[in-house]
Each structure stands twice: as structure tokens, then as C-alpha cells.
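Chain by chain, the residues run as shown.
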Amino acid sequence: MGSANKSSTARKARIEEMRRAEQSRERRNRILVIAASVVVVCGLVGGGVVLVRSQSGDGGSDTAASDSSAKGKFVTGEDGVKTWQGKLARNHVTKDVKYASEPPVGGDHNQAWMNCNGDVYTKQLDNTNAVHSLEHGAVWVTYNADAKKADIDALAAKVKKTPYTLMSPMDDQKDPIMLSAWGHQRTVKSASDPDVDKFFEKFVQGEQTPEPGAACTNGLSQ
């Protein structure tokens, strides 16, 4: 019990630290936006237009990769967690991406992320936006029509009180309830399955996060 409490306390402290980093990042972004606006105005006055394009990750593209996750495969560990073995691209794209798994666990994605500050969505999400949330260290809970309402309600309650998580239906996934993080995924039997807490504990802002502390607010919302 003592060990579990210490682990929970450490996770809460880590999330609070990430929140502070996120707030600082947002302040810096506002300053950059203001500065960029000044540059654009000056350029217009001088008769020119300055185009500023910002991209994160491995680069940018205005076309979708044919399959940003195809170079690799899942390997299932003894704990039941599947880990993607291979490179997951991180380019910003504006078109649909064909992912190697459903739900996807990473790859090229839209530059706009889904809000993942304990957000519960009732409609299926665009994968390219949800994958961006995973890049920011979120855990994505998904379910299909075979999931029990009691489990859906219980998981929604857990997500709502956990920063850096989001939840949505996923019609095409093979199992009733699945948990996904960047490069990692598992199936759970129910909301009371102890593996739910284990997955949250390990992967909410976990070591797999490509952009720790990046925003899970000020993104898209249904």
C-alpha cells in the first residue's frame, strides 16, 4: 500500500510539473505569435509578405504519408502491453494518414491536437488529431459497440479526473476496450481491470512521450 501511494504521489507531482511546463510553453508561444505578427505587418508595409511556417517533429509535409507506421511491428510483452518496434514518423500533414493499427499509436499527424486534459468525446475522432495528443504524452482510451455501458461510464469518470488523457469511441478496433499511448497499446477486459491503472501510471506523460510537457489544452474539441 505504501509503495502504491508513493507511486501515485510521484505521478501527480510529475503531472503538475508538466502542467507548469505547459503553461510556460503557452506563454512563450503567445510571445512568438505577437512577434511573428509584427514581422508580417512590417513586411506588408515594405511591399513584401513574410510567410512563417512552424513545424515540429521530424519535418513537415502538406501531403499524407502512405503509411507512417508501416516500418515496424508490434511486440507483446509479458505484461500484455504491445510495443511498436520500428520508427514512428512525426511529420505534420494536412491529409488523411493510413495507419498500421487501429487505434494508431503514432506516426505522421495533423498539426492540431485533440484536447486531452481529461476530455471525453462521444463521437469518433480524426486519428490524425488524436495521434498528435499521443505525441504530447496522452493516454487514449477507446471502445467499440461491444463495450458495456457500465465500463464506458467508469472509464469516462477516470479519464475526466486524469490530465493528459482522452477517450472516444472507435468503431473499427478489434477489442471492446483498448488503451493507447505513443508506441504502446493494450486491451483490457473491463474498467475494473487492474491493467487500466498500470497503463495510466506508466504512460500518462511517461518516458515514451516525444514532447513531454507539450499542451493538452487549446487544441481541438468536439
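Scoring rules and cut-offs
- Residues numbered from 1 in each chain as written.
- Predicted model: local features only at pLDDT ≥ 70, side-chain atom pairs only at ≥ 80, totals over all residues.
- Heavy atoms only, no water.
- Salt bridge = Lys/Arg side-chain N within 4 Å of Asp/Glu carboxyl O.
- Helix = DSSP H or I, 4+ residues; strand = E, 2+ residues; numbered from the N terminus.
- Buried < 20%, exposed > 50% of the residue type's maximum accessible area, 1.4 Å probe, protein only.
- Phe/Tyr/Trp six-rings, centres within 6.5 Å; stacked < 30°, edge-to-face > 60°.
- Lys NZ or Arg CZ within 6 Å of the ring centre and 35° of its normal.
- Contact = heavy atoms within 4.5 Å.

Student: Would you take a moment to explain the pattern of salt bridges for this structure?
Tutor: A full pass over the atoms with the stated rule returns five salt bridges. Among the salt bridges present, the one from Glu211 reaches Arg90, with a minimum N-O distance of 3.1 Å. Here Glu211 is found in the segment after helix H4 (194–203), whereas its partner Arg90 is found in the loop between strand E2 (82–86) and strand E3 (117–120), with 121 residues between them in sequence. A relative accessible area of 10% means that Glu211 is categorised as buried. Since its relative accessible area comes to 18%, Arg90 is described here as buried. As a salt-bridge pair, Lys149 and Asp153 come within 2.7 Å of each other at their nearest N and O atoms. Of this pair, Lys149 and Asp153 both sit in helix H3 (residues 149–160), four residues apart, which is roughly one turn of the helix. In this structure Asp153 comes out as partly exposed when scored by relative accessible area, which is 40%. Salt bridges linked by common partners bring Arg90, Glu135 and Glu211 together as one network.

Student: How do you make sense of the packing of aromatic side chains when you look at a structure like this?
Tutor: Each aromatic ring pair is described using two quantities: the centre-to-centre distance and the angle formed by the ring planes. Applying the stated criterion across every chain, the model contains two aromatic pairs. A cation over a ring is seen here: Lys82 above Phe74, with NZ or CZ 4.6 Å from the ring centre.

Student: What is the right way to read helix H2 (residues 127–135) from this model?
Tutor: Across the nine residues of H2, nine count as buried, placing the element largely inside the fold. For H2, the secondary structure elements touched by its buried residues are strand E4 (139–143), strand E5 (165–169) and strand E6 (177–181). Two residues or fewer past H2, Gly137 is found with a positive phi of approximately 95°.

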